[in-house]
Amino acid sequence: IQHAAVRAFSGGADIERYLSTARAILGQLVGFAVRTLRAAGLSVCHPDGAFYVFPTFAPLAGALAERGITDDRALARALLDRAHVSCLPGSEFGMPASALYVRLALVDFDGAKAMAAAAHEPVDDAFLEARLAPVVAALRAVASFVDPR
């Protein structure tokens, strides 16, 4: 790991190209996640330089309570059981359980294949659909869980 860190910190065209591509992919994916979750009624900040989002379902607390979901652990369990999406309760990160935060990681895709494809394809929503389909499907499943219409 130390040798890899030395190589990464020494820079160079290859490292810069890799980092630029990784930032483009994750940036597009985070933007898609934020748009999808906000459209479903969740509150979520747009993170800079992250591979996860940390939405709160608090705006929908009343509707969730009617479904028996009153804390983040019950929410995480319901998302796993009903939407087949795994997440961590926000209380694991210091948030009050009643605030209904969850942490959704956005890295369920083949990074090497995505990086290779990004070398010759535009990194846009169509790219996400084709190359990062598991994450796109999971985000849509969360949105459907919230608003099952």
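Coordinates for the structure precede this section.
Residues numbered from 1 in each chain as written. Predicted model: local features only at pLDDT ≥ 70, side-chain atom pairs only at ≥ 80, totals over all residues. Heavy atoms only, no water.

J.: Explain the packing of helix 4 (residues 72-83) against helix 7 (residues 133-146) to me, using residue names and the numbers behind them.
T.: It is at 10 Å that the axes of helix 4 and helix 7 come closest, and there the two elements cross at 105°. The pairing of helix 4 with helix 7 is recorded here as roughly perpendicular in orientation. Residue-level contacts link Leu75, Ala78, Leu79, Arg82 and Ala83 of helix 4 to Ala141, Val142 and Phe145 of helix 7. Taken together, the residues that form the contact of helix 4 with helix 7 break down as seven nonpolar, no polar and one charged. (Axes fitted to C-alpha atoms, helices over the stretch in contact; angles between N-to-C directions. Helix = DSSP H or I, 4+ residues; strand = E, 2+ residues; numbered from the N terminus. Parallel < 35°, antiparallel > 145°, perpendicular 65-115°, else oblique. Contact = heavy atoms within 4.5 Å. Nonpolar A, V, L, I, M, F, W, Y, C, P; charged D, E, K, R; others polar.)

J.: Talk me through the environment of Ser43; I want residue IDs and the actual numbers.
T.: Mapped onto the elements, Ser43 comes out in the loop between helix 2 (13-39) and strand 1 (52-53). The class for Ser43 is partly exposed, based on a relative accessible area of 38%. A sequence separation of 58 residues divides Ser43 from Tyr101, and the C-alpha atoms of the two residues are 9.4 Å apart. Ser43 has contacts with Pro55, Thr56 and Pro59, leaving out every residue within four places of it along the chain. (Buried < 20%, exposed > 50% of the residue type's maximum accessible area, 1.4 Å probe, protein only.)

J.: Hey, could you go over the nonpolar core for me, with residue numbers and the actual values?
T.: Residues Val53, Phe57, Leu75, Leu79 and Phe145 are the most contacted members of the largest nonpolar core, which totals 41 residues. For this core, the elements supplying multiple residues, two or more each, are helix 2, helix 4, strand 3 (102-105), helix 5 (111-118), helix 6 (125-131) and helix 7. A per-element tally of this core places helix 2 first, with eight residues. Apart from the residues lying within four places of it in its own chain, the contact partners of Phe145 are Leu64, Arg67, Ile69, Leu75, Ala78, Leu79, Arg82 and Ala83. (Core = buried A, V, L, I, M, F, W, Y, C linked by side-chain atoms within 4.5 Å.)

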